[in-house]
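Examining the three-dimensional arrangement
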Amino acid sequence: MTLDVDPPSPPELSPNVDPNEYDDADVVGDSDYRREELGAFLAEGAWEEAFDQWAAETQVTADEWAIVTDLGLGSDFDFFWDDFAGRVGYHAPGLPQDWKEREVHPDLDSWKQVSSINAGLTELGQTVCDVLKDDYIDWESEYEAPDDLPDF
């Protein structure tokens, strides 16, 4: 399935957010998350490239994407460099479990929609990380493993 929509503007990455505050992230080591550089890469085309790749294969429907757009969730992504793991980490926005009680959006009426949106946003975040790491980042991790690690 292809989602034929324009990509939202790239998220603005705040230098003041500690990724360890997210339930879905655990970053060990250095606190230089290189957000300024990642933000520049997103603005230079990584965001749009990743969005196009994701949109070509996503199961998110146009109606579901309209909900994401109405709620401004595209701007709520966060990306950061995890030097210890030598990877780009991310936090994807999502709809809360109490979406129905909170009346999050008038067109949101099923758990199927909520699951599709949340899964799609997670997949978009991972696609962005992959594009950044594969096509934009040329720095190496500063972490060096100790010499006495066992061979597996």
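Residues numbered from 1 in each chain as written. Predicted model: local features only at pLDDT ≥ 70, side-chain atom pairs only at ≥ 80, totals over all residues. Heavy atoms only, no water.

Now for the packing of aromatic side chains. All told, the structure shown has nine aromatic pairs when counted by the stated rule. Look at Trp47 and Phe79: their rings are 6.4 Å apart centre to centre, the planes differ by 70°, and that puts the pair in the edge-to-face class. One end of the pair, Trp47, is in helix 1 (residues 35-57); the other, Phe79, is in strand 1 (residues 78-82), and 32 residues separate them in sequence. Here Trp47 and Phe79 have matching classes, each one buried. Relative to Trp65, the ring of Trp54 lies with its centre 5.4 Å away and its plane at 55°, an arrangement referred to as tilted. Taken as a pair, Trp54 in helix 1 and Trp65 in helix 2 (residues 62-71) lie far apart in primary sequence, eleven residues in all. Trp65 carries the same exposure label as Trp54, and that label is buried. Through a chain of ring-to-ring contacts, three or more aromatic side chains come together here, namely Trp47, Phe77, Phe79 and Tyr90. (Phe/Tyr/Trp six-rings, centres within 6.5 Å; stacked < 30°, edge-to-face > 60°. Helix = DSSP H or I, 4+ residues; strand = E, 2+ residues; numbered from the N terminus. Buried < 20%, exposed > 50% of the residue type's maximum accessible area, 1.4 Å probe, protein only.)

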